[in-house]
Amino acid sequence: MSSRNLGYVLILCVLYMLMEYMPDQNDEVKVAAESQEAAMEVVETDKKTVAITFDDGPGAYTMELLEGLSERNVKATFFLLGEQIKQYPETVKRMQEDGHCIGNHTYSHVNLSMLSETQAIQEIENTNQLIMEICGEKPAFLRPPFGACSSQIREKLDMMIVLWDVDPLDWTTKNVDAVVSQVVTNVSEDNIILLHDIYESSVDAALEIIDFLLEKGYEFVTVEELMFP
Ligand code: NI
């Protein structure tokens, strides 16, 4: 190889090395975009609240649910039936000790709008009494079965009516994946999710929903905290 050729080779080598070590403009743009994305994620995680609620319990799977909630440090709301409370008083006690919100769902899951005023009030008061005996305080919230409650009864009660925003109809499918996907695709900020802790599938779905939404930056609050932040 002549010395001139060797010179060219050396120059090419130096140029190649310079190109390798020069910062790539595209990389800088990419880094900038990534940090902007990170900043947006921070904004997104800033307090998106959601409430998860359970009706018709307590039941055979409620203790397992309470364990799962406790592991995740998540607070929920339970709308209890009087006739179920009688079977699972220890579960109700644990709900209160863990700081969950306890509401009334009547004594025997009746449609309040089909009853006389006296009967309807009785259905609600009986359950309030049972909760009082276990927890020492009267519940502030009522979720009427089927969402049905006349304005006359509402006026007679010293309670707030709580309905729901997201209903995956967990009691019809009893399918974990279907319930999870129904909830996570329909939920948005400040929503109330409705599930039934008397089904094992709903308890499993609830914990999956919670893990998914925690990952998305949601914070779980009770109905009370949602209504009075
Ligand atoms: Ni119900």
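Residues numbered from 1 in each chain as written. Predicted model: local features only at pLDDT ≥ 70, side-chain atom pairs only at ≥ 80, totals over all residues. Heavy atoms only, no water.

Colleague: I'd like to hear about the confidence of the model for the chain, residue by residue, with values.
Modeller: Do not read the fine detail of predicted coordinates wherever pLDDT is low. When pLDDT is averaged along the chain, the result is 88; 80% of the residues meet or exceed 70. The low-confidence segment residues 23-32 (pLDDT under 50) makes 1 contact with residues lying over four places distant or belonging to another chain. (pLDDT = per-residue confidence, 0-100. Contact = heavy atoms within 4.5 Å.)

Colleague: Describe the environment of G57, and please don't skip the residues or the numbers.
Modeller: Turning to its location among the elements, G57 is positioned in strand β1 (residues 48-57). Look at G57 and you get buried, because its relative accessible area is 0%. As a C-alpha pair, G57 and T91 span 34 residues in sequence and 9.6 Å in three-dimensional space. If we ignore the near neighbours within four places in the chain, the residues touching G57 are F79, L80, L81, Q84, D197 and I198. (Helix = DSSP H or I, 4+ residues; strand = E, 2+ residues; numbered from the N terminus. Buried < 20%, exposed > 50% of the residue type's maximum accessible area, 1.4 Å probe, protein only.)

Colleague: An account of helix α3 (residues 62-72) is needed here, citing residue identities and associated values.
Modeller: An α-helical segment advances 3.6 residues per turn. Residues three or four places apart therefore align on the same side. Every buried residue of α3 is accounted for by T62, L65, L66, G68 and L69. One side of α3 holds all its buried residues, which, seen down the axis, span an arc of 160 degrees. Here the buried face of α3 lies against β1, β2 (77-80), α5 (89-97) and α10 (200-215). Immediately beyond the C-terminal end of α3, within one or two residues, lies N73, with a positive phi of roughly 55 degrees. (Arc of directions from axis to C-beta.)

Colleague: Summarise the coordination of the nickel ion; cite the residues concerned and give the values.
Modeller: Listed as protein donors to the nickel ion are D56 (OD), H105 (NE2) and H109 (NE2); their distances from the metal cover 2.1 to 2.2 Å. Of note, the nickel ion draws all its donor residues from one chain, in the sequence arrangement D-x48-H-x3-H. Of this pair, D56 sits in strand β1 while H105 sits in the loop between β3 (101-104) and α6 (117-135), and the two are 49 residues apart along the sequence. No difference in accessibility class separates D56 from H105, as the two residues are buried. (Donors = N, O, S within 2.8 Å, 3.2 Å for Na, K, Ca; no water.)

Colleague: Can you tell me about the pattern of salt bridges, naming the residues and giving the values?
Modeller: Applying the stated criterion to the full structure yields 6 salt bridges. Two residues, D55 and R143, come together in a salt bridge whose shortest N-O distance is 2.8 Å. Pair noted here: D55 is in strand β1 and R143 is in the loop between β4 (141-142) and α7 (151-156), with a separation of 88 residues, a long-range link. Each member of the pair, D55 as well as R143, is classed as buried. If you follow the salt bridges from partner to partner, you end up with E67, R94 and D98 in one network. (Salt bridge = Lys/Arg side-chain N within 4 Å of Asp/Glu carboxyl O.)

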